[in-house]
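Overview (structure and organization)
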Amino acid sequence: MSLTGYVARRLLQLVPIAFGVTILVFFLIHLVPGDPARTMLGNHATPQNVALLHRQWGLDEPLPVQYWRFLARIARGDLGSSLNYSVPAGRLVLERLPPTLWLIGLATILAVLISVPLAALAATKRDRAADHVVRAVPLVGLGFPQFWVGIMLLLVFGLHLGRAFPVGGYGSGFVGHLHSMFLPALTVALGITPILVRSLRASLLEVLESDYVTTARSKGLPERRVLVRHALRNAVISTVSVLGVNIGFLVGGTLVVEQVFALPGIGQLMINSIFQRDFPVVQAVTLVFAVMVVLVYLLTDVVHALLDPRVRFD
Amino acid sequence: MGAAAETFAEAVVIEHRRGFRRRWYRTPSFVAGVSILGSIVLLAVLAPVASWHDPIQQDLSQILQSPSWDHPLGTDELGRDVWARLLFGARTDLRVAFLAVLFPFVIGTTIGLLAGYFGGWMDTVANWFVSVVVAFPFYVLIIALVFALGSGTRNIYIAITIVGWVSYMRIVRGEVLVAKRRDYVLAARAGGLSDTRIIGRHLLPNVITQAIVFAMSDIVLDILAIVTLGYLGLGVQPPTPDWGKMIADGQTYLTTQWELSTIPGIAVVITALGLSLLADGLADLLRPE
Amino acid sequence: MSETLLDVRDLRVEFPGPPAVRAVDGASFDIRAGEALGVVGESGSGKTMALRALVGLLPRSARLAGGTIVFEGMDLATASPEQLRAVRGRSISMIFQEPMTALNPVMRIGEQIGEGPLVRLGYGRRRARERALELMRLVGIPDPAERAEAYPHELSGGLRQRAMIAIALSMEPKLILCDEPTTALDVTIQDQILKLLLSLRERLDVSIVFVSHDLAVIAQTCQRVAVMYAGQVVETGPVEQVFREPRHPYTLSLLRSVPDVDNVRHQLTAIPGSPPDLADPPSGCRFHPRCPFVQPDCVAGAFPLRPLGPERATACIHPDAAAADVRREPVLAGG
């Protein structure tokens with residue numbers, strides 16, 4: 001079974017999930033009894049808007065038909081029209097996507113850069129002071145609200161300590177983006193670090209006690225080589241899985257962090273749209289988020305298969 | 001045959017409980033967790049007595065005051081006493097978080113039990129539901145649901161339930177898959193006990209411990225969710241005090257009265273720490289010897 | 001009599017408690033150049049821990065608690081980690097019981113075999129690969145060039161063990177420590193691997209310490225044997241002599257409890273009683289609660305190995321009891 005075969009198989013498995021996702025997104029507007037259009041619009045329920053939604057969503061037709069039309073629209077790339085800006089929701093999302101992607105990418109890199117050395121330190125100095133400190137990280141760290149961490153970082157690094165980083169906004173140019181994104185990315189990264197550290201430390205400990213590490217030591221190899229070439233190489237595999245599973249959290253974290261740092265990404269778009277009761281946009285962003293997460297799951301699976309030669313022989 | 005199987009299974013359950021009674025005070029994480037959480041819950045319950053200002057009472061002549069004897073943590077931008085808001089906020093957030101755990105727990109455990117035990121199409125369908133929910137980032141789905149349902153505490157419960165049952169289902173299903181191959185279950189089935197009896201009296205007590213332990217950390221997640229929703233303006237509606245909203249309101253004054261945003265956050269961290277320690281301790285205690 | 005390569009005196013390995021468990025509690029044996037020494041005992045006898053202690057590869061929870069391990073003039077028991085590391089692989093290497101877990105699952109076989117020469121002998125990549133292929137041929141792995149690219153899970157158990165042997169030989173050590181290398185293999189493969197080890201020992205003139213619970217295997221492969229019980233060595237000597245005429249009641253009981261191919265005995269006799277608790281071992285001779293020839297003076301005191309001649313030693317203070325008993329009822333054909 002080759003890599004393409006594996007990917008194809010995974011994609012096939014994703015089809016029912018993709019359907020499920022669209023169903024869930026579709027049903028969002030039908031959650032509350034009564035006229036969905038009126039509920040969605042709330043105080044903005046002018047007769048024009050209500051009629052507009054009825055037309056857009058075919059609300060007078062039976063549910064399965066509505067769902068089918070919804071699906072067909074999405075397949076065409078039409079994610080609905082924004083009520084407030086009268087532009088396709090899809091275009092709005094696309095415009096706001098870059099900052100969010102930046103955030104996710106930078107946060108992942110930072111998370112790995114922070115977690116791996118910490119976990120390695122804890123695993124190699126097991127039960128000594130460093131280990132206890134590192135073990136406290138997941139315990140305490142999981143209780144920190146991400147947005148609050150962002151605000152604290154803003155306070156310390158943005159407002160005090162020499163105002164090293166801007167307190168908000170996206171900046172311009174590559175370096176400008178990096179500069180503006182650093183604190184937000186760090187916030188998101190810190191949100192996922194506790195889980196990563198805990199899992200990587202556990203895998204490393206398990207691996208360090210394994211027989212093949214003993215074999216490596218019996219060859220008289222330097223401890224560093226044993227750690228990196230043998231232990232880490234294996235521990236990383238399970239961590240990639242953990243990272244993949246928790247990516248939902250990472251991506252979700254961007255939503256709140258964008259609010260804290262006023263980043264013009266799709267998270268902020270979603271929040272704004274909620275307050276403006278611009279439902280099509282909310283729906284579009286929700287869908288896009290789900291697609292991103294699913295793609296990342298797929299990517300993690302592929303990376304896992306690449307790293308672990310045992311996988312393809314399922 | 002049936003009686004023997006029942007006795008065996010009961011013995012396994014009793015093992016768990018006996019271990020618990022004997023060791024709880026010798027498990028440091030459990031004791032620490034209970035102490036921390038206990039103090040906070042106590043403060044929350046005694047909020048009307050432990051504070052002497054009305055948390056929603058505004059006093060525009062006293063805005064943004066520094067800590068003083070009358071206002072131990074100062075006042076916020078509308079002149080409200082921060083200490084009182086902190087305590088009453090604890091009431092709100094803790095109560096909602098504890099309640100919000102119940103439905104996902106019950107629903108997730110039930111589905112997990114059925115899917116794990118019976119397998120087949122029930123399992124496939126349940127797993128499909130799980131995969132779909134999990135495809136959405138946690139907060140995105142919660143926020144979308146809160147938006148669709150409308151704001152207010154009742155809808156927060158519903159939203160958290162729709163998203164939260166998944167973890168319990170997975171945990172319980174996993175435990176059931178392992179447990180149903182164990183001797184006591186095989187003996188029970190060979191002894192002709194009905195499925196309901198096996199699930200209810202034999203599987204359930206043994207698999208539920210993991211779910212309970214998780215529930216503790218789930219409360220932490222729920223507190224964070226509620227507080228985050230509050231920060232975004234989508235949570236508990238004002239004027240009811242809520243830690244998240246307090247942090248949001250304080251963000252505007254970060255340059256001068258930074259403690260307005262900092263203090264409620266610290267409260268969350270300490271509460272979460274207590275719960276996490278409790279969860280760890282509970283996990284240690286409920287682990288079979 | 002050839003020179004002594006490794007001399008182990010009074011080795012102790014402990015798992016700190018509470019309760020503290022002495023896995024090895026005063027074991028002494030020696031290995032000579034060019035010979036194969038068998039270390040036989042049941043599980044819990046301490047044989048694996050003793051072996052691992054020699055090169056400092058004990059599990060994390062155990063520690064070396066005493067004794068000397070003299071190799072080429074250096075006491076490995078007190079050597080620094082750097083000195084130990086220098087000895088491993090180059091002078092003393094190890095083969096483990098379970099080849100599936102003892103090989104790195106994400107590294108190709110050829111790479112693993114060549115890793116020692118690459119890193120420690122300063123070979124270049126190409127030379128290390130050639131050496132790996134050479135070794136694979138030596139241990140009888142067919143199609144070495146192809147197999148070198150394989151991962152461990154793609155090989156059969158026998159091939160994996162051959163790969164492990166190749167790794168152990170890769171830096172031309174003087175001594176190979178084998179921890180039950182054939183126990184996890186099918187019987188037919190066992191035989192092949194044993195024959196391989198035997199032929200390698202002769203061709204390369206390398207010494208072997210062979211730890212096993214299987215008396216037949218030890219009899220087949222080793223010249224001398226050390227019998228372990230409850231963390232101590234209770235008898236040593238040439239294999240033929242020890243198995244034909246044991247001088248320790250435990251050795252005798254062990255021989256009697258194992259099925260023999262020659263069918264000299266008509267019944268298996270299990271050893272009465274149960275293995276000792278290593279956290280709280282019996283006083284005096286550790287075997288005394290289960291010994292058929294026990295005497296009052298067996299119950300207290302120390303029982304180190306005492307020489308019985310130039311080649312044999314036993315810890316039993318009544319060695320003739322066992323010898324007399326076996327004359328009465330032999331365990332091996334040929335009296």
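Residues numbered from 1 in each chain as written. Chains lettered and ligands numbered in written order. Predicted model: local features only at pLDDT ≥ 70, side-chain atom pairs only at ≥ 80, totals over all residues. Heavy atoms only, no water.

Residue and element names in this part refer to chain B. As for its position among the elements, Ser 35 is in helix α2 (residues 28–45). As a C-alpha pair, Ser 35 and Gly 274 span 239 residues in sequence and 7.6 Å in three-dimensional space. A distance of 2.5 Å separates a polar atom in the side chain of Ser 35 from the backbone oxygen of Val 31. (Helix = DSSP H or I, 4+ residues; strand = E, 2+ residues; numbered from the N terminus. Polar contact = N/O pair within 3.5 Å; in protein donor to acceptor, adjacent residues only side chain to side chain.)

Turning next to the sheet that holds strand β1 (residues 4–15) of chain C. All names here are of chain C. Across the sheet, four strands lie side by side as β2-β1-β4-β5; this open sheet has antiparallel pairing. The sheet terminates laterally at β2 (21–32) and β5 (74–75), the two strands that pair on one side only. Strand direction decides the pairing type here: β1 and β2, joined by nine bridges, are antiparallel. Each bridged residue has a counterpart across the sheet, and for Leu 11 the counterpart in β2 is Ala 27. (Pairing = 2+ DSSP bridges.)

Attention now goes to the interface of chain A and chain C. At the interface, 24 residues of chain A touch 29 residues of chain C. When chain A packs against chain C, the two sides together hide about 2,300 Å² of surface, and 57% of this comes from carbon and sulfur. Among the residues chain A hides against chain C, the three largest losses belong to A:Ser218, A:Lys219 and A:Pro309. Together they make up 25% of the total. The interface formed by chain A and chain C includes three salt bridges. Here chain A and chain C share 14 residue pairs in polar contact (both at pLDDT 80 or more) between them. Taken together, the elements giving at least two residues each to the side of chain A that touches chain C come down to α9 (211–218) and α10 (223–260) of chain A. By residue class, the composition of the side of chain A that touches chain C is seven nonpolar, six polar and 11 charged. (Contact = heavy atoms within 4.5 Å. Buried area = accessible area lost by both parts, 1.4 Å probe. Salt bridge = Lys/Arg side-chain N within 4 Å of Asp/Glu carboxyl O. Nonpolar A, V, L, I, M, F, W, Y, C, P; charged D, E, K, R; others polar.)

We now examine the arrangement of the chains. The pair of protein chains exhibiting the most contacts, out of two pairs of chains in contact, is chains A and B. Where chain B comes nearest to chain C, the C-alpha atoms are still 17 Å apart, and the two do not contact one another.

On to the pattern of salt bridges, then. All names here are of chain C. Counted under the stated rule, the structure contains 36 salt bridges over all chains. Where Glu 72 meets Lys 174, a salt bridge forms, and the shortest distance between an N and an O atom there is 2.8 Å. A residue pair is termed long-range when its members are at least 10 positions apart, and Glu 72 in the loop between β4 (63–71) and β5 and Lys 174 in the loop between α7 (157–169) and β7 (175–179) qualify at 102 residues. Residue class for Glu 72 comes out partly exposed when judged on its relative accessible area of 49%. Within this structure, Asp 10, Arg 12, Glu 14, Arg 22, Asp 25, Arg 63 and Arg 286 form a network of salt bridges that share partners. (Buried < 20%, exposed > 50% of the residue type's maximum accessible area, 1.4 Å probe, protein only.)

A word on the interface of chain B and chain A. On the side of chain A, 46 residues touch chain B, which itself brings 43 residues to the contact. Both sides together, the interface formed by chain B and chain A hides about 3,900 Å², and carbon and sulfur atoms give 84% of it. On the surface where chain B and chain A come into contact, there are zero salt bridges. Taken together, the connections running from chain B to chain A amount to five residue pairs in polar contact (both at pLDDT 80 or more). At the level of secondary structure, the elements contributing two or more residues to the side of chain B that touches chain A comprise α5 (120–134), α6 (138–149), α9 (195–232), α10 (243–251) and α11 (259–286) of chain B. The leading source of residues in the side of chain B that touches chain A is α11(B), at 11 residues.

This paragraph deals with α7(C). When the terminal C-alpha atoms of α7(C) are compared, their 19 Å separation across 13 residues agrees well with the 18 Å that a helix rising 1.5 Å per residue should span. Here α7(C) lies mainly inside the structure; 12 of its 13 residues are buried. (Expected span 1.5 Å × (residues − 1).)

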